[in-house]
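# Observations on the model geometry
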Amino acid sequence: MNNNSFISSLNSEPETLNSFSSAEATTDAIMSMRRRVVDLVQAAVLALQEQGVLGAAPAPVFQVDIPKIPEHGDFATNVALVLAKLARKAPRQVAELIIAALSPPPGMLARVEIAGPGFINFFLEDSFWLQVLADIEAAQGTYGDSTFGAGKRVQVEFVSANPTGPLHVGHGRGAALGDALANILTATGHEVEREYYINDVGLQMQTLGLSLFRRAQELQGLPVTFPEHGYQGDYIKTLAGQYLAEHGPVPAGDPDPETVERCGRFAGEAILAAIRQDLADFGVHFDHWYSETRLFQDQILDKALATLQAQGYLYEADGAWWFRATAFGDEKDRVIRRQTGATTYFASDIAYHWLKFQRGFDQVIDIWGADHHGYVPRLQAVVQALGIAPERLKVLLVQLVSLLREGQPVAMTTRGGTFVTLRQVMDEVGKDVARFIFLSRRADAQLEFDLELAKKQTSENPVYYVQYAHARLASVFRLAAERGIAWQSAARSVLQRLTLPEELAILKVLAGYPDVVTAAARHLEPHRITYFLTELAKQLHAYYYKHRFLSDDLELTQARLLLVRGIQTVLDHGLRILGVEAPESM
RNA sequence: GCGCCUGUAGCUCAGUGGGACAGAGCAACGGACUUCUAAUCCGUAGGUCGCAGGUUCGAGCCCUGCCAGGCGCGCCA
């Protein structure tokens, strides 16, 4: 069961850490069931406060949850417990006052109880839940969307792998996460831009160029010593061959800087093209591909560093220039310009993030591999030094993916050039399976990905479970159409035929969906959608197995088709957010 | 040594700014296919939430210490 809680405050609080907005979607056409209860309680408390019964309590924060135990009602609130101290009354007494002040719409509440230390438990009329189906239908495929993040501009920067080699599975996880997150933020009303940052400047590009050059010499039969830290992968050899075909033979001996640069650019562009293709096939599309080169071309680096300089956060020592990161809690100050005069990678990142905020994003989200986590404090320091509220930059760290095959680890060493690429995984298990599995864990938990298990079309594999539910329903609708059953135009009153416990349970799950999407946005956690969909699919399968949807009873058939259409619509919406296909048949 | 992440059932993991008897999937065991798709369903069993303190009316969740695993501590990216 999902058990979402809803935090609310009476006075609309300013933006809080790690959340985009406290302005909930009260103006949405589709109001979640829980929201209806929150509003009900809120109105009662406000009324009591105006009467002076509860005193002028300053912005009490209370919760409305779905209790774990059905006996505790459909919703429960701790509002009385929270208010007790401020009101200088016993919690249960406060609860009684609040209950008396409730003014629910007709047909909503079956009963309200005070329980335990002072919880208020709400039991909704069964028929009230039917409203959910009308909501879903009225939303026309947007049920689950909200205005939670309306007016907020968000940038999600993810993957951003260096164009020195193909994407590996770790990048795949970052890609799935970033893309799903962007979808979630879009669904909740944010204005979202997806961006890929291309590190195409500096030493690594030289190394790449030299690696290609040496491979080219090799292909020509020239004696070579491959650079110690060169890129080893076979793809370099392939590219070297292409380079020779296009540019003709390379000279013997050591290359001049121009040649290295040309080779580096050639390899970088080719690799980036392959990366773009991999991502496109993985269903990931970016709004912007931002090249580090532009930071130099457009003098962004100069401007950003000048800003820090003006604030007094740069100084010279040991022949280098340093950023005073320790002023903001980082372990040590960081070099931004080396003794050699060349700026560091960090300097570029300062400039890039300066630019991000110049571009007007309210929220900037970076998705990095967990091996970069040591880098977070210094970047947060930069943001603060630039005078930007630190919570406007959120760095999500994606933990490692351990690839397994039949439970055995698959060897992966970047150094030797033998690593499993995203392309290989996609080809082997398919895009949908890979994405779903990547999104089946919290980002900060390590992920085990068993290639053999991922290919199995059994219940060991959760991916198909959800897709199958969708396809199953598609099959039902096809048959209904064949039989000429007109259910979509059925009168609303037929829904009263949905009286089974399973049906009520499904309505409640569906009713919780918008809150799940909002919570996923608030916490930046797509896996919540994955879990919800699995739960919904489970309900459907059980319902399907136990009861026939198409029967001689036309009215009941219509009612059930309306219900399962609601399920299918939500499954489709959720799978779309995850970037996974919702198949019509399997 | 310092820092970050993780530690919940045999395995993989959920558990939402603390809330009312700890959940799911898989594996195990026992059942269900003349049915709208069995890629499914039903049932049983399974946990001192790493350990020890603390805060609280209430702690898997917050604080402190310890233990274990992963990662990071470059004028690399």
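Residues numbered from 1 in each chain as written. Chains lettered and ligands numbered in written order. Predicted model: local features only at pLDDT ≥ 70, side-chain atom pairs only at ≥ 80, totals over all residues. Heavy atoms only, no water.

## Remarks on the domain arrangement of chain A
By domain assignment, chain A separates into domain 1 (5-124), domain 2 (153-200 + 285-398), domain 3 (203-281) and domain 4 (460-578). Placing a centre on the C-alpha atoms of domain 3 and another on those of domain 4 gives a separation of 53 Å. (Domains from an automatic or database assignment.)

## A few points about the sheet that holds strand β9 (residues 314-317)
Taken together, the 3 strands give an open sheet; going across it, the order is β9-β10-β11, and neighbouring strands pair in antiparallel fashion. Either end of the sheet is taken by a strand with one partner, and the two such strands are β9 and β11 (334-337). Along the sheet, successive strands turn relative to each other by an average axial angle of 45°, direction set aside. As judged from the 4 bridges shared by β9 and strand β10 (residues 320-323), these two strands associate in the antiparallel manner. Opposite Glu-316, over in β10, you have Trp-321 as the bridge partner. (Pairing = 2+ DSSP bridges. Helix = DSSP H or I, 4+ residues; strand = E, 2+ residues; numbered from the N terminus. Axes fitted to C-alpha atoms, helices over the stretch in contact; angles between N-to-C directions.)

## Re the packing of aromatic side chains
For the structure shown, the criterion picks out 21 aromatic pairs. Seen in terms of ring centroids, Tyr-197 and Tyr-352 are 4.1 Å apart; in terms of plane orientation they differ by 15°. Their pairing is stacked. Of the two residues, Tyr-197 sits in strand β7 (residues 191-198) while Tyr-352 sits in helix α11 (residues 345-358), which places them 155 residues apart along the sequence. For Tyr-197, a relative accessible area of 2% puts it in the buried group. On the basis of an interplanar angle of 5° and a centroid distance of 6.4 Å, the ring pair of Tyr-315 and Trp-322 is categorised as stacked. (Phe/Tyr/Trp six-rings, centres within 6.5 Å; stacked < 30°, edge-to-face > 60°. Buried < 20%, exposed > 50% of the residue type's maximum accessible area, 1.4 Å probe, protein only.)

## Re the sheet that holds strand β16 (residues 447-450)
What holds strands together in a sheet is hydrogen bonding between their backbones, with the strands either parallel or antiparallel. On the basis of which strands lie adjacent, the open sheet formed by 3 strands has the order β15-β14-β16 and mixed pairing. Single-partner strands in this sheet number two, and they are β15 (408-409) and β16. The sheet contact formed by strand β14 (residues 401-405) and β16 spans 4 bridges and is parallel. Bridge assignment links Ser-402 to a residue of β16, and that residue is Glu-448.

## Thoughts on helix α16 (residues 462-482)
The end-to-end C-alpha distance of α16 is 31 Å, a good match for the 30 Å that 21 residues give at a rise of 1.5 Å each. Gly-484 sits one or two positions beyond α16 and adopts a positive phi of about 70°. (Expected span 1.5 Å × (residues − 1).)

## A few points about the pairing of β7
Taken across its 8 residues, β7 has 7 buried, putting it largely inside the fold. Where strand β6 (residues 153-157) lies against β7, 5 bridges are found, and the strand directions are parallel. Bridge assignment links Arg-153 to a residue of β7, and that residue is Glu-191. With helix α5 (residues 169-187) bridging β6 and the parallel β7, this β-α-β connection has right-handed handedness. Strand direction decides the pairing type here: β7 and strand β8 (residues 288-291), joined by 4 bridges, are parallel. Bridge assignment links Ile-198 to a residue of β8, and that residue is Ser-291. (Right-handed = clockwise from strand over helix to strand, strands pointing away.)

## So, helix α13 (residues 422-429)
Every buried residue belonging to α13 is among Leu-422, Val-425, Met-426 and Val-429, and all of these are buried. Each buried residue of α13 lies within a common arc of 100° when the element is viewed along its axis, so the set occupies one face. Close packing links the buried residues of α13 with α5, α8 (257-281), β14, α14 (431-438), β16 and α15 (451-455). Directly after α13, the chain includes Gly-430, whose backbone phi takes a positive value near 95°. (Arc of directions from axis to C-beta. Contact = heavy atoms within 4.5 Å.)

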